[in-house]
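Here are the chains, one letter per residue:
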Amino acid sequence: MTHYIIAKFIDTCETAPLVEPIRTLFEETLKIPGIHAVRVKPCCIDRPNRYDLMIEIDMDKDALEAYDVSEPHRKWKQEYGHLLQSKAIFDSETSL
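Residues numbered from 1 in each chain as written. Predicted model: local features only at pLDDT ≥ 70, side-chain atom pairs only at ≥ 80, totals over all residues. Heavy atoms only, no water.

Caption draft 1: Broad picture of the overall build of the protein. Within the protein, the secondary structure is distributed over three helices and four strands. Expected size for 96 residues packed as a compact globule is a radius of gyration near 12 Å; at 13 Å, the protein falls within 12% of this value. With the principal axes as the frame, the protein shows a C-alpha extent of 35 × 30 × 20 Å. Sequence separation of 24 or more characterises 71% of the internal contacts of the protein that already satisfy a separation of 6 or more. (Helix = DSSP H or I, 4+ residues; strand = E, 2+ residues; numbered from the N terminus. Rg over C-alpha atoms; globule rule 2.2 N^0.38 Å. Contact = heavy atoms within 4.5 Å.)

Caption draft 2: Spotlight on the nonpolar core. Membership of the largest hydrophobic core comes to 24 residues, with the highest contact counts inside it found for F9, I22, F26, I35, I55, I57 and W76. Residues within four places of F26 in sequence aside, it is in contact with I5, V38, I55, I57, Y67 and W76. (Core = buried A, V, L, I, M, F, W, Y, C linked by side-chain atoms within 4.5 Å. Buried < 20%, exposed > 50% of the residue type's maximum accessible area, 1.4 Å probe, protein only.)

Caption draft 3: Local environment of the sheet that holds strand 3 (residues 53–59). Pairing is antiparallel across the open sheet formed by four strands, whose spatial order is 2-3-1-4. Pairing within the sheet leaves two strands with one partner each, and these edge strands are strand 2 (35–42) and strand 4 (84–92). Along the sheet, successive strands turn relative to each other by an average axial angle of 15°, direction set aside. Here strand 2 pairs with strand 3 via seven bridges, running antiparallel. Looking at the pairing, V40 lines up with I55 of strand 3. (Pairing = 2+ DSSP bridges. Axes fitted to C-alpha atoms, helices over the stretch in contact; angles between N-to-C directions.)

Caption draft 4: Layout of helix 1 (residues 19–27). Where helix 1 is concerned, the buried positions are V19, I22, L25 and F26. The arc enclosing the buried residues of helix 1, seen along the axis, measures out at 125°, which places them on a common side. Contacts made by the buried residues of helix 1 are with strand 1 (2–9), strand 2, strand 3, helix 2 (64–68) and helix 3 (71–80). (Arc of directions from axis to C-beta.)

As structure tokens, this is what we get:
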């Protein structure tokens with residue numbers, strides 16, 4: 001499946017400098033059995049009605065529980081949660 005995190009940061013937050021540290025953080029999830037790939041994609045359009053960042057994690061469905069309690073997930077919430085205005089979480093079947 002693909003686990004998506006779509007994030008909108010607060011207006012006072014400059015997002016460009018956050019992309020690489022967030023990418024590095026989420027690449028740590030590749031150590032979790034069942035997680036196969038991670039992509040961190042910043043939005044390419046600067047408009048107020050757009051979200052700023054999309055994180056895609058390709059994983060086995062049964063890896064979601066391990067991800068939820070992982071250190072990278074905890075750090076994401078701790079280090080970036082206060083900078084988020086909103087986020088959406090979406091899981092989909094991965095189609096080939």
